[in-house]
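One-letter residues, chain by chain:
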Amino acid sequence: FNHNRRYWPYFKVIRNKEGHLNQVFYKHNLIADNTTHYTSKNDTCIIIATGPSINTTDPILFKKDEFDHIGINGAISLKHAHFEYYVIIDHNFVKNKSDLVSKVLNNTECTLFTTARCLELILRTYNIDKVQCTFKIIEIITETKIERFMGAKTTLTSPLPDAYVKNNIGFSTNIFDAIYDYYTVAYVALQIAYALNYKNILIAGLDMSNFNQPRFYESDDNKQPTRLEQDFAAISSAFETAAHFLERQQVQVINLSIQSAI
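Residues numbered from 1 in each chain as written. Predicted model: local features only at pLDDT ≥ 70, side-chain atom pairs only at ≥ 80, totals over all residues. Heavy atoms only, no water.

Student: Kindly report on helix α4 (residues 185-195), identifying the contributing residues and their values.
Tutor: Counting buried positions along α4 gives 11 out of 11 residues, so the element sits mostly inside the fold. Looking only at α4, the buried set comprises Val 185, Ala 186, Tyr 187, Val 188, Ala 189, Leu 190, Gln 191, Ile 192, Ala 193, Tyr 194 and Ala 195. Downstream of α4 by one or two residues, Asn 197 has phi in the positive range, about 75 degrees. (Buried < 20%, exposed > 50% of the residue type's maximum accessible area, 1.4 Å probe, protein only. Helix = DSSP H or I, 4+ residues; strand = E, 2+ residues; numbered from the N terminus.)

Student: Any details on unusual backbone geometry? Residues and values, ideally.
Tutor: Across the junction of Trp 8 and Pro 9, the peptide omega takes the value 5 degrees, indicating a cis bond. For Pro 9, the location among the structural elements is in the segment before β1 (11-15). If you check the backbone angles, Gln 250 has positive phi at about 60 degrees while not being a glycine. Assignment of secondary structure puts Gln 250 in the loop between α5 (232-248) and β16 (252-255).

Student: Describe the pairing of strand β2 (residues 21-26), and please don't skip the residues or the numbers.
Tutor: The element β2 is largely enclosed, with a buried count of five among its six residues. Between β1 and β2, which follow one another and run antiparallel, lie five residues, and Gly 19 among them has a positive phi close to 90 degrees. Pairing analysis gives four bridges linking β2 to strand β3 (residues 29-33), with the strands arranged antiparallel. Directly across from Gln 23, in β3, lies its bridge partner Asp 33. Linkage of β2 to β3, two consecutive antiparallel strands, is achieved through a turn of two residues, within which Lys 27 is found at a positive phi near 50 degrees. (Pairing = 2+ DSSP bridges.)

Student: Give me the lowdown on the packing of aromatic side chains, citing residues and values where you can.
Tutor: If you walk through the whole model with that rule in mind, you get 15 aromatic pairs. Seen from their ring centres, Phe 171 and Tyr 187 are 6.0 Å apart, and the 85 degrees between their planes marks the pair as edge-to-face. Taken together, the residues Phe 171 in strand β13 (residues 169-171) and Tyr 187 in helix α4 connect sequence positions 16 residues apart. One aromatic cluster is present, built from ring pairs that chain together Tyr 164, Phe 171, Tyr 180, Tyr 182, Tyr 187, Tyr 194, Phe 239 and Phe 245. (Phe/Tyr/Trp six-rings, centres within 6.5 Å; stacked < 30°, edge-to-face > 60°.)

Student: Account for a positive patch on the surface, with residues named and values stated.
Tutor: A cluster of basic residues, Arg 5, Arg 6, Lys 95 and Arg 117, forms a positive patch at the surface. Positionally, Arg 5 belongs in the segment before β1. For Arg 5, a relative accessible area of 56% corresponds to the exposed category. (Patch = residues over 30% accessible without salt bridge, like charges linked within 9 Å, V, L, I, M, F, W, Y side chains within 5 Å. Areas by Shrake-Rupley, 256 points an atom, 1.4 Å probe, with all protein chains shown as cover. Salt bridge = Lys/Arg side-chain N within 4 Å of Asp/Glu carboxyl O. Lys, Arg positive; Asp, Glu negative; His and termini not counted. Charge placed at Lys NZ, Arg CZ, Asp CG, Glu CD.)

Structure (structure tokens):
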């Protein structure tokens, strides 16, 4: 239970009978309600990652009203993009890029999917009364381990009940049970996009090549470290599993990054 040391006594969680995360309370106030339904106005979304190819992607894609936009980490730096959904699971990003996180929190029409650790850091850093976005809290599976919010750290001995598994790689279809990460937030965002019932999913900035280059919003002087190159084998296998599953579900996914290894 050690991973909960920062959460108690400020947080309380409510789970359903299957153990899925339903509601999160902070100082007795409801801060996240995973039971409220989300309806997407379009059947196509574009997941905006942060690879340098974003700088050469047609900017009209980030303005189209017929797409819903799902941002990842520093994607909020795009000047003209409007985000319906956002995904942040890296607490170091929350800590080191507070200016970008603030832009997400100030978006009244955005739903932010994030983890307990990121949520705690956000609420410790920002004035809760000024947060405009809606929170959805997710729990991440890394190397078969889940740190349950206000619960025990557990090791999966079998796949999640609602997961699709191929070659021992999982793709979660119930995001409020838990979500597989395989070392990249883009894979988490893809599972969320499927859960949001999109039938066409575009992905921009998923380069997975030239790992030494800064992200589209960074420079050589201020770029943050990355482990994508070291973890690429696992990442590649994960997206292969996702492609196999989504094709069976008749969900079209297109990676817009021409030079990507994915």
